[in-house]
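Remarks on the overall topology
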Amino acid sequence: MPSVPADRGAGLETELESNARVERVIRTRSDRGPLAQTDSHDTRRSGRLLTTLLLLGVSFTLTSVLFFGPASSAQDPVADRIECTDANDEIVAPDDFVLLCVAFKALDEHFVDDVVVADLAEAARQGVIAAGLAARTTDAPPCALPASEFEAMCAEIDKAQDTTAAALAATDAMLASVNDARTRRLTPAQHRSFDEALTTDSTRIGIGIEFGLLSAEGQPCTTPNDACRLEVVEVYSPSPAATAGLMVGDVIVKYGAVVAGSTCSALRSLDSGHELGDTVSLSILRNGTALDLDLVTAEVTDPAVFSQTVDNNVGYIQLTIFSQGSDAEFLRHLADLVSAGAKAIVVDLRNNPGGYLAETSRISAAFLKNGDLLYRIASVHMDESTNAGKNGIASDAVALPMAVAVNGRSASGSELFVLAMRGNDRAKIVGSTTFGKHTGQGTIRAATSGGASLGAIQVTTLRFFGAGDLSSQGGIRPDSVESISNCAHPIGVVRQSVPSLYPRVSEVSFTSVPDSDGYKSGEKVTVTVSFDAPLDVDTAQGRPYLELQVGAEVRQAVYQSTSTTGGLSIVKFEYTVGNDTDDDGISIEPDSIVLNGATIRRSGVGWDAILDHPLIAADSAHAVSSATDPSAIIRPLPAPPAPAPPPKPPPVVFPPPPVVLAPEREPEPEPEPVVFEPEREPEPEPEPEPEPEPEPEREPEPVELEPEPEPEPEREPEREPEREPEPEPEREPEPEPEPVELEPEPVELEPDRYFSDISDTRFIEAINWLAAQRITTGCGPDAYCPDMRVTRGQMAALVNRALQLRAADRDYFSDDNDSTFEDDINRLRHAGITTGCAADKFCADQPVTRGQMAAFLNRALQLRAADRDYFSDDNDSTFEDDINRLRHAGITTGCAADKFCADQPVTRGQMAAFLYRARDLIAATRQQTP
């Protein structure tokens, strides 16, 4: 179920609870019958129950036996004292003091860390003083003493006319003194909302539909228009929509008003916020036919679980909250997807704020093997671990690859689920950094002697950890950082998540040892390449090989075998030393695996492996000694024969089909910010660019309480394979600030001369050339940030400084007035290198793709036409001619064999390499510029 409608948990805190909910009804002193106890939430976990107090209901009638003497007069404020608990450790306090007594008992016995009673008492006393209540003019009732240390607090309460307000002030101050934002008092309304959110499906007033944005080509998009459609994903039954005959797949054109151009924040509240009985005018398209309907709103129920099959082989399942009973519904949906033949699973936990530990545990166990660690919980009172008790429905990671989608509002139970999956190597995590909640709370309800609710006390009772003591403190950073729109259609979520399941190189290493000091002629150099998923290697059309750098020569280590253990595969390559005389050692350059007609794919799924890997530097232990025949003529190995054309592959669902790109216009970002995961929302122009970094969000909590701010989610690009001499991007840290480009004095080019962060990049020569030419001074003090993406504004600055373009005679664009790069952008437009991303717009903060980069450089350098088509993956790209011209000029050789990867983002290191290779053309163009 996509998270398009308004937050169902908005204003509610749904904390991970640490144990079963147990309600105790305390009878009056005059009724000494047995305690009534009901277990309303079975933990269903092995081992002993935690001693943590969870929900305590207090109900009794005060009688005269509670008083220890006559009340004092107004002139003498010292009144009698009573204890909070009786001999059975049950709370026996007047109504005014029940919350104070419950709060102290919870802190003293169950708070996650040690507390000092004297400190709690002093904080309570200061709270009463700080409340500034009116002085007492009547007799003071007895004050309940949580402990003897609270006598000074009671003295202050005796002085206040409003005993209830004074006791609440003492309670709140005592809870605040432990410096834990989630240890607090809930009002009756807050507690009721909290409890309802965890025990029932959410209800709202609307027509009863879920919907999401999907482009006409079936790809994620962010602003509805003719090409980016708002499609019905689910129709609830019963609901006004079901009665009217709305169907999944209907395209919403109007919901009260035309939806085209609406932002995601507006769409999220489209089917909520109504009054009961409102009339909604709806216009839809169904198979090209327009239908107009008037629907009357009603109360509809949003289920916590939604699932569907995407592209015939991927199961999508969304859980909005770990509410009571949600585990049974989730497991039913999961079993249905597995039975239907799903080849992979995407679990969507975006905006899921957590819930009960029992439900979280049972849902997590569905994906784990018997004995896998579900979680460890720890406090000063306990340290316990819980393991999966049997193999789950979807526990086979090889047979059923899995991705989990999260964002900054995925908290508590969602984070425990992610830790369980990551700690057991069960799933890839995609999206943005999670909220960062790593604690569980107990909720203790309280009531008056007449049974009226006084609210509840919530106390942090534990911290939770995953396998290897992984913690969610500070947020969990995904394996693949993606900006997934809150308005995304489930199909869009799946297509953004599944690429994380493609097998990737995890390690390249020498596995042979030379007989003596270095390899000699005839010895074998063995290298293994480890992948993070099981592989099938098809050599029917050719055998892959690994390029080795042996001194100054390039040699080929030929494919030998593939072995798979525990869901991981190791591919073995071997090279027999021949006439190698250079003893400088053997190194392995990035992207050195050459398919040579072979295919390497994930077993059972068919997704092509990603072959990029880091540099393996020369190792003296793997040097090559002098040849046995010094007179031998040393020649480089002949070039490998051209591989036979591979057979036509079967249709591949992922990655998504390419989108046609227009030569001049790129997507226009929507300026209006989005409430939850702000993102620029481009018009569906042809170039699909990544969405900007989402802003932090807050975890849903009671409106009256200040929530803890969410840590800033980090953003990183997808890994881009890049063959020599193209660059290899690595994961990007945080989004790059607009660089302040100083102008250094030109100095002699030397490695590491200009920047401290380029010693490990293969683009050091190109980057230093850029610095020496005063084209850039980096992204900040002493840093170049070679792995960060290049924005359109930065591209304008680099190209302008390289070509020294003439000043513009006007301001061309309306959206760059606050940009550092405004002058550079206008110069580019004046030179005819760009016309912007849309009418009157340049979109300076949008990332640049490789296809766009080719167009920029071709127009700037006026490259010659190519004599052939170099790449097989750009035939549907508007930039195909620009790309071929770039290759013909020697500025690029593509990202892999026969591939250019036009839609991949460009990094700063890659940009340096492109400009460096074009340096002669740049110099010639400069000479022609007045």
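Worth saying up front: this structure is predicted, and the values here are computed from it rather than measured.

**Some words on helix H16 (residues 880-888)**
Burial in H16 covers these residues: Asp882, Ile883, Asn884 and Leu886. Considering only its buried residues, H16 is in contact with helix H15 (850-861). After H16 finishes, the residue Gly890 shows a positive phi value of roughly 80°.

**Thoughts on the packing of aromatic side chains**
The tally for this structure, following the rule as stated, stands at eleven aromatic pairs. Note on Phe104 and Phe150: the rings are 5.3 Å apart at their centroids and 75° apart in plane angle, and the pair reads as edge-to-face. Of this pair, Phe104 sits in helix H1 (residues 98-110) while Phe150 sits in the loop between strand S4 (143-145) and helix H3 (151-159); the two residues are 46 residues apart in sequence, bridging distant segments of the chain. Relative accessible area serves as the criterion here: at 0%, Phe150 is assigned to the buried category. Put simply, the rings of Phe330, Phe367 and Phe417 touch in pairs and so form one group of aromatic residues. Lying over the aromatic face of Phe842, Arg792 brings its terminal NZ or CZ to 4.4 Å of the ring centre. Between Arg908 and the ring centre of Tyr784, over which it is positioned, the NZ or CZ distance is 4.4 Å.

**Notes on a negative patch on the surface**
A cluster of acidic residues, Asp869, Asp873, Asp898 and Asp903, forms a negative patch on the protein surface. Within the fold, Asp869 resides in the loop between H15 and H16. Residue classification places Asp869 among the partly exposed residues on the basis of a relative accessible area of 39%.

**Some points on the pairing of strand S28 (residues 553-565)**
As paired elements, strand S27 (residues 545-550) and S28 share six bridges and run antiparallel to each other. Residue pairing across strands places Val550 opposite Glu553, the latter belonging to S28. Between S27 and S28, which follow one another and run antiparallel, lie two residues, and Gly551 among them has a positive phi close to 60°. Between the end of S28 and the start of strand S29 (residues 568-576), which pair antiparallel, lie two residues, with Gly566 showing a positive phi angle near 60°.

**Focus: the packing of helix H12 (residues 764-772) against helix H17 (residues 908-917)**
As a packed pair, H12 and H17 sit with axes 8 Å apart at the nearest point and diverge in direction by 75°. Classified by the angle between their axes, H12 and H17 sit roughly perpendicular to one another. Between H12 and H17, the contacting residues are Glu765, Ala766, Ile767, Trp769 and Leu770 on the first element and Ala912, Ala913, Leu915 and Tyr916 on the second. Looking at side-chain class alone, the contact of H12 with H17 contains eight nonpolar, no polar and one charged residues.

So, how was this worked out
- Residues numbered from 1 in each chain as written.
- Predicted model: local features only at pLDDT ≥ 70, side-chain atom pairs only at ≥ 80, totals over all residues.
- Heavy atoms only, no water.
- Buried < 20%, exposed > 50% of the residue type's maximum accessible area, 1.4 Å probe, protein only.
- Helix = DSSP H or I, 4+ residues; strand = E, 2+ residues; numbered from the N terminus.
- Contact = heavy atoms within 4.5 Å.
- Phe/Tyr/Trp six-rings, centres within 6.5 Å; stacked < 30°, edge-to-face > 60°.
- Lys NZ or Arg CZ within 6 Å of the ring centre and 35° of its normal.
- Patch = residues over 30% accessible without salt bridge, like charges linked within 9 Å, V, L, I, M, F, W, Y side chains within 5 Å.
- Areas by Shrake-Rupley, 256 points an atom, 1.4 Å probe, with all protein chains shown as cover.
- Salt bridge = Lys/Arg side-chain N within 4 Å of Asp/Glu carboxyl O.
- Lys, Arg positive; Asp, Glu negative; His and termini not counted.
- Charge placed at Lys NZ, Arg CZ, Asp CG, Glu CD.
- Pairing = 2+ DSSP bridges.
- Axes fitted to C-alpha atoms, helices over the stretch in contact; angles between N-to-C directions.
- Parallel < 35°, antiparallel > 145°, perpendicular 65-115°, else oblique.
- Nonpolar A, V, L, I, M, F, W, Y, C, P; charged D, E, K, R; others polar.

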